[in-house]
Amino acid sequence: FGIHALLVVTVTLNPVTAAARSENDVTGEDAYPPLWDLAPENPLDFPVKDSKIVINAWNYQERLGVYKSLLSASAKYFDAFGPQNIGNILWGLPLQHGWQFRTGRLADPSGVTSCGYENGELLCISVTSWWSCMNYYLAIIPFLGAVEAGLFGQLPYEIEILPPEERRDDFCYSVKDCWSHMPKLMDDWKAYFEYLLSTEHTSGSPVTFSSFKLDDALGLLWKAHTTSIAYALPKFQDRLNYLSDPEETFGEDWANAVDFIGATHFCTDLLTTNRFQAFLPQRMLVEGDVLPSISDFSPQQNKVLVSLRALHKANKLTGGLLLKLWQKAMSTEAGRKMGRKLIESLTSS
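Residues numbered from 1 in each chain as written. Predicted model: local features only at pLDDT ≥ 70, side-chain atom pairs only at ≥ 80, totals over all residues. Heavy atoms only, no water.

Naming follows an unreviewed UniProt entry, where the protein appears as LEG1H protein of Climacteris rufus. Under the UniProt heading Subcellular location (unreviewed entry), the note attached to the protein is "Secreted". Here the protein is described in UniProt, under the heading Sequence similarities (unreviewed entry), as follows: "Belongs to the LEG1 family." (UniProt positions renumbered as here; feature names shortened; annotations may be inferred.)

Have a look at this one:
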């Protein structure tokens, strides 16, 4: 049964059947999230008010700036993994955020406000959006964990995150606030950045870096990532009610799949993330979208949704046993390597 379950998971994890895009295709301008060049790239690029760095996490460009700051400050640790920071494994987070923005998933799904719409407040991120609320826990919490770990050195000001206009109690807004409300999440993200910092040596001149094990770094990153999703999922269950039934199902299926992908310590650098993300749905799902034959989706995009659905159903039917079996199979470095190879070979077949 264990081997059979493993094969089921491997097959259902297959997000594409087309050949992977070439490296050149995913290093052009559209390899980066929309407005990447315009986003702040350092905490000190944000406004300072009353001796605090103030960040509006409900503005797409500013939330993107949180990611850009993380990518910029951690770039030196990834020099050995490719030029121009393309090997940085944090790319998965801002690229997901960019995909959500581009496909309208950060806009107000209730339609009550113009938040997130082209003919309204395009850069507004809606607190009513399930995707944007889930993403807060994969943007602001990592950022504050990095601040606490010392990734940005000794900042001259405290960080203050502006609250949304409503449902303020669902979020935290400073290092101290987040530590008191969600210490486990902060601890997991801080641990990832502390691991990077531990490879920096300042005793000699100039500063040198010892290479870290990519598998170890990915393990810490995915641990923090999956913990954040597990914490946020029940908290934002009510936001799913604003979505169409097909979009709600897709959101839940995607959240479930992250656990399986994360168990392989899948590499979330720029090229790999773009290659996989190319086959995610490029618009919100609406009533009337029926799998596997959504007419304006490619066969590969339909395949993604069918695969994620099958995986989630199978995991639910087994009461989570499928995930446990997969995690057990992925508990060694050799197992994880096999898991990643199976996924990659299927996606390029």
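Now that the structure has been shown, we can carry on.
J.: What am I meant to see in the packing of helix H5 (residues 140-149) against helix H7 (residues 183-197) here?
T.: Helix-helix packing: each pair is described by the crossing angle between the helix axes and the interaxial distance. Contact geometry of H5 with H7 gives a least axis separation of 8 Å together with a crossing angle of 55°. Between H5 and H7, the angle falls in the class oblique. Crossing of H5 against H7: the hand is right-handed. Contacts between H5 and H7 pair Ile141, Pro142, Leu144, Gly145, Ala146, Glu148 and Ala149 from the former with Leu185, Met186, Trp189, Lys190, Phe193, Glu194 and Leu197 from the latter. (Axes fitted to C-alpha atoms, helices over the stretch in contact; angles between N-to-C directions. Helix = DSSP H or I, 4+ residues; strand = E, 2+ residues; numbered from the N terminus. Parallel < 35°, antiparallel > 145°, perpendicular 65-115°, else oblique. Left-handed = near helix turned anticlockwise from the far one by under 90°. Contact = heavy atoms within 4.5 Å.)

J.: Teacher, can you tell me more about the pairing of strand S2 (residues 52-55) here?
T.: For a regular strand, side-chain orientation follows a simple rule: the groups alternate between the two sheet faces. Bridge count for strand S1 (residues 48-49) against S2 is two bridges, and the pairing is antiparallel. Its bridge partner lying in S2, Lys49 is registered against Lys52. Taken together, S1 and the strand that follows it, S2, pair antiparallel across an intervening segment of two residues, in which Asp50 is found at a positive phi of about 50°. (Pairing = 2+ DSSP bridges.)

J.: Explain the packing of helix H9 (residues 245-263) against helix H12 (residues 321-329) here, please?
T.: The geometry of H9 relative to H12 is characterised by a closest axis approach of 9 Å and an angle of 15° between their N-to-C directions. Put simply, H9 runs roughly parallel to H12. You can see that H9 and H12 cross each other, and the crossing is left-handed. Side by side, H9 and H12 meet where Asp259, Phe260 and Ala263 of the first sit next to Leu322, Leu323, Trp326 and Gln327 of the second. Tallied by class, residues from the contact of H9 with H12 come to five nonpolar, one polar and one charged. (Nonpolar A, V, L, I, M, F, W, Y, C, P; charged D, E, K, R; others polar.)

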